[in-house]
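# Coordinates in review
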Amino acid sequence: MELQHRRLSCMTEQEHNLFELREKMSALMKSASTEEIINEQTSPSQRKIGIIGRMKKKLAISSRPNSSQSCSSLESNVDALSISPCEHELELSSDSSSEEDEDHPHRTVPRTCHINAVFTFDNDSYPRANLMQIYGCEGRQKGCFKDATDVQCVDKGKCIVTDMINGRISTFSRNGRTKVIRCSWALREPWATTVVSENKIAVTSRKDKNVSVISMNGDVLFSFGSRFFQCPCGIAVDKNGRFIVTDILSNEVSVFSPEGKWLFNLGDPLSPVQQFCCPRYVHVSAFGDIIVCDSGNHCIKVFNEHGNFKFTFGQYGRQEGAFKAPYGVTSDGEGNIIVADHYNDRIALFSKNGEFLRNIASSEDGLFHPQGVALSSDMRLFVTHGKLKATEVIVYSFNDDENEML
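Here's a quick rundown of the structure.

Quick notes on the rules
- Residues numbered from 1 in each chain as written.
- Predicted model: local features only at pLDDT ≥ 70, side-chain atom pairs only at ≥ 80, totals over all residues.
- Heavy atoms only, no water.
- Salt bridge = Lys/Arg side-chain N within 4 Å of Asp/Glu carboxyl O.
- Helix = DSSP H or I, 4+ residues; strand = E, 2+ residues; numbered from the N terminus.
- Buried < 20%, exposed > 50% of the residue type's maximum accessible area, 1.4 Å probe, protein only.
- Pairing = 2+ DSSP bridges.
- Axes fitted to C-alpha atoms, helices over the stretch in contact; angles between N-to-C directions.
- Core = buried A, V, L, I, M, F, W, Y, C linked by side-chain atoms within 4.5 Å.
- Contact = heavy atoms within 4.5 Å.
- Phe/Tyr/Trp six-rings, centres within 6.5 Å; stacked < 30°, edge-to-face > 60°.
- Lys NZ or Arg CZ within 6 Å of the ring centre and 35° of its normal.
- Polar contact = N/O pair within 3.5 Å; in protein donor to acceptor, adjacent residues only side chain to side chain.

### Re the pattern of salt bridges
For the structure shown, the criterion picks out nine salt bridges. Across the pair D378 and R174 runs a salt bridge, and its minimum N-O distance is 2.4 Å. Linking D378 in the loop between β22 (373–375) and β23 (380–385) with R174 in the loop between β4 (168–172) and β5 (178–181), this pair joins segments that are 204 residues apart in sequence. Between R242 and D238 there is a salt bridge, with its nearest N and O atoms 2.7 Å apart.

This is the structure in structure tokens:
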């Protein structure tokens, strides 16, 4: 009887410790706007893997204790799961002027246009992707998202994330620091952005039904399309500075001059294979090809730089190479195409001719409803995703040097 009482007391104390541990983890997850560990004494592997993923893994272990374990083994598990002081030190959202990557509000930092990564691989082998970082969580505070509809890459490892519901555009540095681009006008339901040139980006607005070109400091340079668009969505810019914009209500993909003057629409309206149904995102490859995610037709359509139709690939389904509403799209320096297959919960890789190569990530890797995708010049793939709305940015790396550190 006495022995049974001791065991019961031991289990009660253990459950209390586990409860406190879960509370600590929950508080950390809500307060952190980035999940990269910055303590210099941690290993390179720890600095590369997001702390949220590690805490989720620990929480899953702690929530399933084996009833046959003895009190001593349970106590040892608590010690193993306890959070060390270095794991409390997170890189929080900050506009610190001491970081060399951040923009100073009174000076302009020269920027260069994003250049697609060039991969080198033998035969049909493609570099493997490994999880490097996770940015953000659900919320309205800085560094968090309510609906991260798009992501784009800029210089120095930075990325730009468009949050439609929160109505803002944020930049994230390579180490996870975030800064909100404070526009000189109310940004209403921004959908997607594209890097135009040095210190300039263009953003589509679902609410205002136009495209605005702004500086990285938030100054509006000019806008266009207010009487043309019904619901502008994706946007890209080619090497000549022309804007390519999709409209999911008018089912059109239009090309504009660098000054915002309409030039022509893609696709022959008399050709069924060239007609669009809810085109969402668009991308211009290193070879000048215009790649459109035709979400309603569950396929990808490719046009040359003059707007002439080249080919289409994909169909509705779950099998490899098929889509259920493709969303974001990007490509590498050799023309290989990367597509966010939204309702199939995966990122798919295709050759420049549309041949399916393999899936990069899927729901088995914790990926849900991917939306925006972008590939940086240092071979990092940025993906916005979430179960209901996109509330995280996942960063994968194709760089073998970085992958060896994991």
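The rest of the description comes next.
### Examining the pairing of strand β11 (residues 243–247)
When you tally the buried positions in β11, you get five out of five residues, the bulk of the element. The pairing of strand β10 (residues 232–237) with β11 spans four bridges and is classified as antiparallel. Residue pairing in the sheet places P232 in a bridge with D247 of β11. If you look at the hairpin formed by β10 and β11, you'll find five residues sitting between the two strands, and G241 has a positive phi there, around 85 degrees.

### Observations regarding the sheet that holds strand β8 (residues 210–215)
What the four strands build is an open sheet, ordered β6-β7-β8-β9; its pairing is antiparallel. Two strands in the sheet have a free side with no partner beyond their single neighbour: β6 (190–197) and β9 (220–224). Strand after strand, the sheet turns through a mean of 20 degrees between neighbouring axes, direction not considered. Relative to strand β7 (residues 200–205), β6 runs antiparallel, the two sharing five bridges. Considered in β7, the bridge of T194 is made with A202.

### As for the nonpolar core
Core analysis: the largest hydrophobic core is formed by 19 residues, its most contacted members being W191, A202, V211, I235, F243 and V245. Listed by contribution, the elements that provide at least two residues to this core are β6, β8, β10 and β11. Counting residues per element, this core draws most heavily on β6, at three residues. Ignoring any residue separated from it by four or fewer positions in sequence, one finds F243 in contact with V196, A202, V213, F224, I235, A236, S254, V255, F256, S257 and P258. In this structure, I347, L349, V383 and F398 belong to the second largest nonpolar core, which totals 15 residues.

### As for unusual backbone geometry
Here E189, not a glycine, exhibits a phi torsion of approximately 50 degrees, which is positive. Within the fold, E189 resides in the loop between β5 and β6. Given the relative accessible area of 26%, E189 is considered partly exposed. A positive phi angle, close to 55 degrees, is found at N251, a residue other than glycine. As for its position among the elements, N251 is in the loop between β11 and β12 (252–256).

### Remarks on the packing of aromatic side chains
Counted by the stated rule, this structure contains 16 aromatic pairs. On the numbers, 4.9 Å between centres and 45 degrees between planes, the contact of F313 with F350 is tilted. Here the residue F313 occupies a position in strand β17 (residues 309–313), and F350 occupies one in strand β20 (residues 346–350), the gap between them amounting to 37 residues. Given the relative accessible area of 8%, F313 is considered buried. Take F350: its relative accessible area is 1%, and that puts it in the buried class. In this arrangement the basic side chain of K352 is found over the ring face of F287, its NZ or CZ atom lying 5.5 Å from the centre. One cation-aromatic arrangement involves K387 over F368; the distance from NZ or CZ to the ring centre is 5.1 Å.

### Quick word on the environment of D294
Tracing the chain through its elements places D294 in strand β15 (residues 290–294). The spatial distance from the C-alpha of D294 to the C-alpha of P326 is 7.0 Å, given a sequence separation of 32 residues. In contact with D294, not counting residues within four places along its chain, are Q275, F276, C277, C278, P279, C299, K301 and P326. A distance of 2.9 Å separates the side chain of D294 from the backbone nitrogen of C277, its partner in a polar contact.

### Some points on the sheet that holds β23
If you walk across this open sheet you meet the four strands as β1-β24-β23-β22, and the pairing is antiparallel. Edge positions in the sheet fall to β1 (130–135) and β22, since each of these pairs with one other strand and no more. Taken over all neighbouring pairs, the strand axes of this sheet differ in orientation by 20 degrees on average, direction set aside. Relative to strand β24 (residues 392–397), β23 runs antiparallel, the two being bridged by six bridges. Bridge assignment links F382 to a residue of β24, and that residue is V395.

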